[in-house]
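Secondary and tertiary structure notes
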Amino acid sequence: MSDAQAGQIDTVMHEERLFPPPPEFAAAAHIGSLDAYQRLWDEAAADTEAFWEKLAREELHWFQPFDQVLDWNPPFAKWFVGGKTNVSYNCLDVHLDTPRQNKAAILWEGEPGDQRTLTYQELHREVCKFANVLKGLGVGQGDVVSIYMGMTPELAIACLACARIGAVHSVIFGGFSSEAIADRNNDASAKLQITADAGWRRGAELPLKETVDAALAKSPTVEKCVVLRRTGAEVNMVEGRDFWWDDLMDEASADCPAAELDSEAPLFILYTSGSTGKPKGIKHTTAGYNLYTKMTSRWVFDLKDEDIYWCTADVGWITGHSYILYGPLSNGATVVMYEGAPNWPDEGRFWEIVEKYRVTIFYTAPTAIRAFIKWGDEFVRRSDLSSLRLLGTVGEGINPEAWMWYHKTIGGERCPIVDTWWQTETGGIMMTPLPGAIPTKPGSCTKPLPGIVPAVVDETGQPVDEGHGGMLIITRPWPGMLRGIWGDDERYVQQYWSTVPGNYLCGDNARCDRDGYYWIMGRIDDVLNVSGHRLSTIEIESALVSHEHVAEAAAVGKPHELKGEAIAVFVTLRDVEPSDALRDELKQHVRKEIGALAQPDDVRFTGALPKTRSGKIMRRLLRDIASGKEEVGDTTTLEDYSVLASLREDEE
Ligand code: WTA
């Protein structure tokens, strides 16, 4: 494509211009043409169970083969029933005694610049040792292990060690507060905590152990805590409860055969926000998740043995679980893992890493891309990015302008971009332009992967017309699907499977165009997407209301240049007058209750919140006010016009 064409950013949206896969890329790709994709998709649609059965038998190691592909008792699914396998075995042991045994599994770089390489054999050894450490601490099959660490190789080791013995990991993102950790620990009845003294972030130490100490004071089920020495920070070690990682590893045997686990043995819980205040523990299990992440990694990233693959997500999110750990390692890939911030010591850090490790596949979030654009191209130009052959995005839709920048400035106009739509609940990527097969339209996640049959429907469950918006559903079970919400089957049924009975409700709106391309249009519930992270408005409101001076609160999203959405909150007070000091205090309060990622950008005080006659907070109105739109929509149902008037005045 010429520069003149690439420059037509403004017209991309109207033209629905297509970017076909580059012919050289397609020629070497696992799925190399639209026809090949269509054949595979048709085959999977015609007999979905046969499609997955064949792959499961070929791609996973079975200690005992399964005798039933799917037991579907809607909405409860069991995949590969009767089989016994182990995810850690499929990620590690299968590569031993092959030429991959001395291949780098993880190329790790710490924020201060330290480096470590773990070959498959070395990673296997560390995982076996740590699995024995876990056993030694009394952790057994089905026990929940809570992990709150920075992005160090030990985080991967800890997860794989849990998988090896059938313990269930619950990784909690390092940006969450002690309150949030305690909530999650209690919901899951976690038995063991793993953390680090601290983590590096933009040159500063993130006090992980200190935060965990506060969380453990409120986590009665957690008996012991393993602490990795990362920064050397002074920490408080509680005798009999806290143990240093390296002390335990020094003593541990490297002999630990993988447990032969049932296909449906729980692998992990990952908490995510939904439309109520309480985070949901999304449950994923062994065989189906393993197969789904393995196949989607290969198809979507076109993974080859010679690739150097870098997903910049944190393992604290589903993207890190599926596409740093389980998917790529099952394929025997070399994975780059970076500990720190993209702008440390300066804004060129990511591109230096790409050049240094000769990264070929780069997977990041639109919010990061918007930051790169803002920081300026000079940081990109300093590094040689010619090793890149494929780019990806995840977490939110990518606006065409950012897509064009990514395509030109990072991809040198030669790399396909896979815009991957999926969710914590789906386990793996559901829709994306397969890079050798599906022409891309910037801003569209294009088509479903083989075995995935989506639809767009109205409130009655009827399909809407082509080009019209509606609720996105998935009409068939798939191996990577969530198996439930930890300890709350009722909520699982109600939230995902009741709106359109028998179908999975994603919670996103979408439309499908005349070419069968899907366009995600945002959430149908009160979930915000801040920098690609899901936050529920109700969680933020509950945090605010827990403050002694807050009577009532409403949180809404407003457009933000970098974060996609920023949080604006409207607060009514009791006993005190509004002040700037209180505004700051409330921001800090939310930070303390949930974590830095949930800190509101705006706090607005109001005498009352605008409500409908039935008492519902008028969120649309608040959103319009928060984003500074002049048109505030139809207000005739407002309970109290004076509220709106005074909120508007406040804005002046
Ligand atoms: C949004 C992240 C548009 C969507 C893997 C979804 C996207 C939620 C995309 C899941 C995309 C994710 N285009 N929207 N490519 N990817 N989303 O659970 O609203 O953290 O429902 O999983 O992010 O977020 P989650």
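Everything below is about the structure printed above this text.
Presented here is an overview of the structure given in this document. Nothing here was measured: the structure is a model prediction, and the numbers come from that model.

**Section: the overall build of the protein chain**
Scanning the protein chain from terminus to terminus reveals 22 helices and 30 strands. Taken over C-alpha atoms, the radius of gyration comes to 24 Å for the protein chain, in line with the 26 Å a tight globule of 652 residues would show. With the principal axes as the frame, the protein chain shows a C-alpha extent of 75 × 65 × 55 Å. A buried classification covers 60% of the 652 residues belonging to the protein chain.

**Observations regarding helix 18 (residues 489-497)**
The complete set of buried residues in helix 18 reads Arg491, Tyr492, Gln495, Tyr496 and Trp497. For helix 18, the angular spread of buried residues about the axis comes to 165°, placing them on one side. Away from its buried face, by an angle of more than 90 degrees, helix 18 presents the exposed residues Glu490 and Gln494. Against the buried residues of helix 18 lie strand 1 (68-73), strand 2 (76-81), strand 15 (280-285), strand 23 (484-485) and strand 24 (504-512).

**Concerning the nonpolar core**
Membership of the largest hydrophobic core comes to 163 residues, with the highest contact counts inside it found for Phe130, Ile194, Phe301 and Tyr326. At 10 residues, the largest contribution of residues to this core is made by helix 8 (residues 153-165). Counting only domains with at least three residues in this core, you end up with domain 1 (119-259) and domain 2 (547-651). In this structure, Tyr326 is in contact with Val87, Cys91, Cys159, Leu160, Ala163, His169, Leu267, Phe268, Tyr289, Thr293 and His321, ignoring residues within four places of it in sequence. Ranked by size, the runner-up nonpolar core spans 30 residues in total, among them Phe19, Trp351, Ala368 and Ile398.

**Digging into the pairing of strand 17 (residues 334-338)**
In terms of burial, strand 17 is largely enclosed, as 5 of its 5 residues are buried. Bridge count for strand 4 (residues 104-109) against strand 17 is 4 bridges, and the pairing is parallel. Bridging from a neighbouring strand, Trp108 pairs with Met337 of strand 17. As judged from the 3 bridges shared by strand 16 (residues 308-311) and strand 17, these two strands associate in the parallel manner. Looking at strand 17, one finds that Trp310 is bridged to Val336. Handedness of the strand 16-helix 13 (residues 318-330)-strand 17 crossover: right-handed.

Rules used throughout
Residues numbered from 1 in each chain as written. Predicted model: local features only at pLDDT ≥ 70, side-chain atom pairs only at ≥ 80, totals over all residues. Heavy atoms only, no water. Helix = DSSP H or I, 4+ residues; strand = E, 2+ residues; numbered from the N terminus. Rg over C-alpha atoms; globule rule 2.2 N^0.38 Å. Buried < 20%, exposed > 50% of the residue type's maximum accessible area, 1.4 Å probe, protein only. Arc of directions from axis to C-beta. Contact = heavy atoms within 4.5 Å. Core = buried A, V, L, I, M, F, W, Y, C linked by side-chain atoms within 4.5 Å. Domains from an automatic or database assignment. Pairing = 2+ DSSP bridges. Right-handed = clockwise from strand over helix to strand, strands pointing away.

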